[in-house]
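Results of the structural survey
Here's the letter readout for the chains.
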Amino acid sequence: MADLNDEGNTDYTKWSNSSLIDRITELERQLYSHTTKFASPAPAAPAESSNTPLAPISTDVHEPAIPLPEASLNPSKKRAYSPQTNITQTPGASRQLKEDRGFDASKYSTRFIALKFAYLGQRYNGLEHTNGNVTPLPTIEEMIWKAMRRTRLLSPEVTSADEPDDQPRALRPYSLHWDGCDYSKAGRTDRGVSAFGQVIGVRVRSARPMPKTKAPIDEAADLEDGIAMQIEEPVNQDWDDISDELPYIQILNRVLPEDIRVLAWCPNPPPGFNARFSCRERRYRYFFTQPAFSPTPGPFGFEDRIQGGKGPRAKVREGWLDIEAMREAAKHFEGTHDFRNFCKLDTSKQIENFERIIFRSDIELVDRKTNPVGYIGRPGFQMHEDRTPDVDMSNSEPPSESIPQVYTFTLNGSAFLWHQVRHMVAVLFLVGQGLESPSIVAELLDVKKNPRKPTYEMASDAPLVLWDTIFPDENSDSREDAMNWVYAGDPRLNKTQSAKTDSKYGMRGVIDGLWSVWRQRKIDEILAGALLDLAASQGDQSLVQNMDGKQGTSKKQSRGAKVWLGANDARVGGQYVPVSHKSKMQSVEDQNAKWLVSRQRKLVREQEAAKNAAE
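First, a word on what this report is: a plain description of the structure on this page. (Residues numbered from 1 in each chain as written. Predicted model: local features only at pLDDT ≥ 70, side-chain atom pairs only at ≥ 80, totals over all residues. Heavy atoms only, no water.)

**Examining the overall build of the protein chain**
Stated precisely, the cut-off is as follows: The secondary structure listing takes helices from DSSP runs of H or I that are at least 4 residues long and strands from runs of E that are at least 2 residues long, numbered from the N terminus. Think of it in three bands: residues with accessible area under 20% of the maximum for their type are buried, residues over 50% are exposed, and the middle band is partly exposed, with areas taken using a 1.4 Å probe on protein chains only. By definition in these notes, contact holds between two residues if any of their heavy atoms fall within 4.5 Å.
Summing up its helical and strand segments, the protein chain has nine helices and 20 strands in all. Burial statistics for the protein chain: of 615 residues in total, 39% are counted as buried. Across the protein chain, the fraction of contacts at a sequence separation of at least 24, relative to all contacts at a separation of at least 6, is 72%.

**Some words on the nonpolar core**
Selection rule: Working definition of a nonpolar core: buried Ala, Val, Leu, Ile, Met, Phe, Trp, Tyr and Cys residues. They are joined through side-chain atoms within 4.5 Å.
Ranked by size, the top nonpolar core spans 85 residues in total, and within it Met148, Val202, Phe342 and Phe409 carry the most contacts. Per-element tally for this core: the top contributor is helix α5 (residues 420–432), with nine residues. For methionine 148, the contacting residues outside a window of four places in its chain are Leu115, Leu153, Leu154, Trp178, Ile200, Val202, Val204 and Leu252. In this structure, Ala114, Cys266, Cys279 and Trp485 belong to the second largest nonpolar core, which totals twelve residues.

**Regarding the pairing of strand β10 (residues 260–266)**
What counts here: Only when DSSP finds a minimum of two bridges between them are two strands counted as paired.
Of all the seven residues making up β10, six are buried; the element is thus mostly covered by neighbouring parts of the structure. As defined by bridge partners, strand β3 (residues 109–119) adjoins β10 across six bridges and the pair is classed as antiparallel. Paired with phenylalanine 117 across the bridge in β10 is valine 262. In this structure, β10 lies alongside strand β18 (residues 486–487), joined through two bridges in antiparallel fashion. Residue tryptophan 265 lies in a different strand from β18, and its bridge partner there is valine 486.

**What about the packing of helix α4 (residues 323–331) against α5?**
Definition in use: Helix axes use the C-alpha atoms of the stretch in contact, all axes being lines fitted to C-alpha atoms, and the angles between their N-to-C directions lie in the range 0 to 180 degrees. Two helices cross in a left-handed way if the nearer one is turned anticlockwise from the farther one by less than a right angle. They cross in a right-handed way if the turn is clockwise. As a working rule, the residues Ala, Val, Leu, Ile, Met, Phe, Trp, Tyr, Cys and Pro are called nonpolar, Asp, Glu, Lys and Arg charged, and the rest polar, with Gly in that last group.
Running from N to C, α4 and α5 cross one another at 145°; their axes reach a closest spacing of 8 Å. Remark: the crossing between α4 and α5 carries right-handed chirality. Between α4 and α5, the residues in contact are Ala325, Met326, Ala329 and Ala330 and Leu428, Phe429, Val431 and Gly432, respectively. For the contact of α4 with α5, a count of residues per class yields seven nonpolar, one polar and no charged.

**Some points on helix α2 (residues 140–150)**
Here α2 lies mainly inside the structure; eleven of its eleven residues are buried. Considered for burial, the residues of α2 that qualify are Ile140, Glu141, Glu142, Met143, Ile144, Trp145, Lys146, Ala147, Met148, Arg149 and Arg150.

**Quick notes on the pairing of strand β16 (residues 405–413)**
With respect to burial, β16 is a largely interior element, eight of its nine residues being buried. When strand β11 (residues 281–290) meets β16, the two strands line up antiparallel, connected through nine bridges. Its bridge partner lying in β16, phenylalanine 287 is registered against threonine 408.

**Focus on the side chain of asparagine 450**
Under the convention used in this document: For this analysis, a polar contact is any N or O atom pair within 3.5 Å, provided that within protein one partner can donate a hydrogen and the other can accept it, and provided that sequence-adjacent residues contribute only side-chain to side-chain pairs.
Mapping asparagine 450 onto the fold places it in the loop between α6 (439–445) and β17 (464–470). Judged by relative accessible area, asparagine 450 falls into the buried class, the value being 19%. Among the polar contacts listed, one links the side chain of asparagine 450 to the backbone oxygen of glutamate 443, at a separation of 2.7 Å. Sequence-distant contacts of asparagine 450, defined by excluding residues within four places in its chain, comprise Asn341, Glu443 and Leu444.

**Structural notes on the pattern of salt bridges**
Formally: Salt bridge, as used here, is a side-chain nitrogen of Lys or Arg placed within 4 Å of a carboxyl oxygen of Asp or Glu.
Tallying each qualifying case throughout the model produces 22 salt bridges. Among the ionic pairs, arginine 340 bridges to aspartate 338, the shortest N-O distance being 3.0 Å. With respect to burial, arginine 340 and aspartate 338 carry one shared label: buried. The closest approach of N and O atoms between glutamate 457 and arginine 571, which form a salt bridge, is 3.2 Å. Residue glutamate 457 is located in the loop between α6 and β17, and its partner arginine 571 is located in strand β20 (residues 571–572); the two are separated by 114 residues in the primary sequence. Three or more residues are tied together by salt bridges with common partners; here these are Glu128, Glu141, Lys185 and Arg188.

Written out as structure tokens, the structure reads:
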């Protein structure tokens, strides 16, 4: 019999986790039984025809327009796309929208493919969409789903309640329907995080001709239970699996915002392909600048640090990171470790295994070989045909420290926990600022010595990129991607395409759209940099050398240390408290058990409420 507390209620704190899980399962079953017993009967579903497609269909649902990129990105490219005519048109003021004539998806075949796409995440509420949730920004899944629905690659059954266009964004709980589409995703990204190699598996409409059937010549001789047998005619054997297929890349990119681009598709994923479980390696990059924030000028800007976490102390100007110390700390991550002190615990999932494999962990300079838009300096992109590159692309020597540099924390691993990368980066930044020794990483990985996570902050989201997802051959030990990706511009896509009409460099191709996004933000960077340099160069420059406190005073400024965690600004606080001295969270076991007890009590209350409502 269950233990009772003083109030006569069941005392679940004395139950084991396994007993609590069994009890929760039983209560959920009982609650579901009560709910369905007294719920109003659902309307009868229409009978399914024999040629029902694998993906759900819709023939009379009004298709709301997908919001195109903001006018600030490229106002000249706001166009409406018609999936029926495959023509991009500029809407006129007097042009009336044609009535939706419906779309019968049962007349088209479907196929299972994989899509590789990229997005800049600052304008989105992360990748994953949860039906019923209201988000201030659209999710990536929402944009992908709407693009597929608008172009009839998916035809789900939806109602106006699923997409209430008459409500403001803050009150609009969109519902996405992936049922019947074999949908899966390689990884989730948080709000503000970008991805350059995100992969999904999905079943979509295909241009492949559907098999035709005809009745036999002698129907009476082939009757079976009174039904004439149908003979299936073979599909055209000359149909090419890639060049004759729908141009998925162009179709989707024409209706997606310019900061979401489909890069490639795979026509034949391996049997049993699941974008999440078939992915064997995920690669992340976290970008940051050197210096991390604006250095404090004058003698007051120097800090007393131990270089590289060891050796003699040196005066280092505030704002600059110790890259070598960060690199030394990053190497501790490599191998198989328990990362419970480098993640955020999701108690609803009751995770007990926190071991993950890290293949590579390093700090790398974004040099001229890998600099964004560096392809412009390569042969084939020069202004004149006989022009040689102006920059020696083979020179990877770090430039002078007088010029701000960009570095990345490069991280390759089998899988990652919730917010794991941002916690790892945060600790590395503390090391780079001289606030922690590189050995702090090894100490936090020692869960026997430190079983409870210290309450430190994780790094900012915006500089993080899911760089790539790797799907190797499961029958080999190789870690190289084995997917048959058909990238934009692949000659197999269209045998008659020209350089000006292909899906990569042609009009409205991948590069055309991304160039406009890059140029707009590059101009912003140049203008902001020029203004920053101008403001720093104006006025009396002797202040920079003689500054030892607040301007206009002789008193030394008194403040706490600046702590930088990847955002645009450093935070000024009091005296820095080392990670090892910070307060500790409850152990994983205690947090999981606490959630189970809370969930148990909530189910009991809901069950009692269901009984009272039934009475």
